[in-house]
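Results of the structural survey
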Amino acid sequence: MNKVLKFGGTSVGSAENMKKVASIIFEQGARFTVLSAMSGTTDALVAINNALAEGKGLLADKIEMLEEKYNNCINSLLDDKSEALERAEKCFALIRDLAASYSGVSTQKAIVAQGELLTSAIFSMYVRQCGKQVVLVDITEAMRTTESGKVDTAHLAEALKKVTAGYGDDVFFVTQGFICRDHNGELSNLGRGGSDYSAALIGAATGASEVQIWTDIDGMHNNDPRYVEGTYPIRRMSFTDAAELAYFGAKILHPSTIQPCKELDIPVKLKNTLEPHAEGTTITSHSDDSRKYLAVAAKDNITVVRICSANMLMAYGFLRRVFEVFEKYRTPIDMITTSQVAVSLTIDDDTHVKSIIEELSSFGNVSYQSGNSIICVVGDLAAEHPGLVSDILGSIDNIPVKMVSYGASNRSVALLIDSEYKIDALRSLNAKLFTTADKQ
Ligand code: ADP
Ligand code: ASP
Ligand code: MG
């Protein structure tokens, strides 16, 4: 077996939890163990970065809080503490040095990378203490992005082959999620929550038999448990449904995680570190699930762009010109609806929205509005089942719906609403579309 196991912030958030993680990797026979930073670390480092960017200097309380957290963990986890305490001291001295010579984004990326580097170093010392052979892999030597920002998967595969060459099957390779280097060789990262994606990439690069994402909940639930009571885990899902839900806001998975595994048909399991023997969710190419409604998720920070143009009437080539503007600004479109004289599109990256609007203005009247959420319903939603759309819209008939996208896929319906109605919408959909009979 050649499994890749990834553990999130809560899973490695204390000495006690790190011990649980170690017993899981021993039981599972993990080849690669990919770790996030201890819970709260990245948030604190991001807050430090923001303060530096605003010229407020180093947030001493945040750094002291982190120092205490890591030192406490080391003191309760390790018998021989000196190497780890020294490692932690160096790490925090480096953060202070980086802050003192702050030079913008590159400093920020170097600071935010320290959480994963320190957490993985401490955990690998614990694995060694347990009497196992362990290699701490610096993933920034293997995970790098190209100029276009994509991960260089060929380089990753080659580099990891070299790293593992000559080691027996009983060696545990421990490494960092989230972090990488950019095409200039500078420290960088795959975005918030990106450790899941790191694990999937490492799984694909090493031809893993399985990628396991270990977190603080028993698998992918049918709705967002942060806002809705009485959600339940879905035991089996297809790659397509899981990718759709992750993309549309199911936080348990970083949106890019599924693609590398889907390409190589590597099963992905979502498991709970705090309840290791709970079943979790298994994601494969086929789910053989026939439930009409499988799950709901919501994605925030959506901006809707509307273009009204009489030139669109009976014209061809109009949409192409509209899409070209989004392409020029490398801004992906999520939802689209059209009428004879208008088109509405949604984007979640509004970095270039002002320039986009300016260019689109030559086509007609253009407006945009932020503060929206997309609600995505996934299930067996083929047109052959009449009444689906009215079921879904009827479940939220007290909520103004701004856009509906149905028909592109047999497996999902997307609705655009103002974010202030998101929680109500998720709760109403839960109450009306899902029954306890849907639990497996
Ligand atoms: P980690 O730090 O392990 O990566 P995350 O916080 O990123 O964990 O993801 C796990 C969290 O995702 C859960 O605690 C849960 O609150 C949230 N979540 C949101 N939507 C879902 C869903 N549909 N199913 C399960 N968890 C979800
Ligand atoms: N530590 C990073 C974050 O909090 C990456 C991750 O946890 O996946 O975003
Ligand atoms: Mg996560």
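Before reading further, recall that the structure is shown in the block above.
Report follows, based on the coordinates. Per chain, residue numbering runs from 1 following the sequence as it is written. For naming, the first written chain is A and the first written ligand is 1, with later ones following in the order written. Totals for whole chains, interfaces and linings use all residues, but because this is a predicted model, local features are given only for residues with pLDDT of at least 70 and pairs of side-chain atoms are given and counted only at 80 or more. Heavy atoms throughout the structure, all of them, feed into the side-chain values; hydrogens and water do not.

Quick look at the pattern of salt bridges
Salt bridges are identified by distance alone: a Lys or Arg side-chain nitrogen within 4 Å of an Asp or Glu carboxyl oxygen. In total, this model carries 19 salt bridges according to the counting rule given. With a shortest N-O distance of 3.8 Å, K292 and D391 are connected by a salt bridge. One end of the pair, K292, is in the loop between β10 (281–284) and β11 (293–308); the other, D391, is in helix α13 (residues 388–395), with 99 residues separating them in the sequence. Between E324 and R320 there is a salt bridge, with the nearest N and O atoms lying 3.1 Å from each other. Of this pair, E324 and R320 are both found in helix α11 (residues 318–328), four residues apart, which corresponds to roughly one turn of the helix. Given the relative accessible area of 40%, E324 is considered partly exposed. Accessible area is worked out with a 1.4 Å probe on protein chains only. A residue is then buried under 20% of its type maximum, exposed over 50%, and partly exposed in between. When its relative accessible area of 48% is taken as the criterion, R320 is described as partly exposed. Connected through salt bridges with shared partners, the residues D218, R235 and E279 form a single ionic network. Where helices and strands are cited, they refer to DSSP runs of H or I of at least four residues and of E of at least two residues respectively, numbered from the N terminus.

What to know about the pairing of strand β2 (residues 30–35)
With six of six residues buried, β2 is to be regarded as a mostly interior element. This β-α-β element, strand β1 (residues 3–7) to helix α1 (residues 15–28) to β2, shows right-handed connectivity. Inspection of the sheet shows β2 paired to strand β4 (residues 171–176) by four bridges, in the parallel sense. What sits directly across from F32, in β4, is F173. Handedness of a crossover is defined as follows: orient the strands so they point away from the viewer, and if the path from the first strand over the helix to the second runs clockwise, the crossover is right-handed. One requirement defines pairing of two strands: DSSP has to find at least two bridges between them.

A short note on the sheet that holds strand β16 (residues 412–418)
On the basis of which strands lie adjacent, the open sheet formed by six strands has the order β12-β13-β11-β14-β16-β15 and antiparallel pairing. A single partner strand is all that each edge strand has here, and the edge strands are β12 (336–338) and β15 (401–406). For this sheet, the mean inter-axis angle between neighbouring strands, taken without regard to orientation, is 25°. Strand direction decides the pairing type here: strand β14 (residues 365–379) and β16, joined by seven bridges, are antiparallel. To get an axis, a line is fitted to the C-alpha atoms, and for a helix only the part in contact is used. The angle between two axes follows their N-to-C directions and goes from 0 to 180 degrees.

Concerning the site of ligand 1
Residue proximity to a molecule or strand is established when one non-hydrogen atom of the residue lies within 4 Å of it. If you check the shell around ligand 1, you find 16 residues, and the closest are K6, T215, D216, H221 and K251. For this analysis, a polar contact is any N or O atom pair within 3.5 Å, provided that within protein one partner can donate a hydrogen and the other can accept it, and provided that sequence-adjacent residues contribute only side-chain to side-chain pairs. Here an oxygen atom of ligand 1 and a backbone polar atom of G9 are 3.3 Å apart. Taking T215, its side chain carries an N or O atom lying 2.7 Å from an oxygen atom of ligand 1. Under the convention used here, a 1.4 Å probe and the Shrake-Rupley method define accessible areas, while residue burial counts only the protein chains that appear. Protein burial of ligand 1: of its 570 Å² of free accessible surface, 86% is covered by the chains. For this classification, the nonpolar set comprises Ala, Val, Leu, Ile, Met, Phe, Trp, Tyr, Cys and Pro, the charged set comprises Asp, Glu, Lys and Arg, and every other residue, Gly included, is treated as polar. Among the residues forming the shell around ligand 1, the class breakdown is five nonpolar, six polar and five charged.

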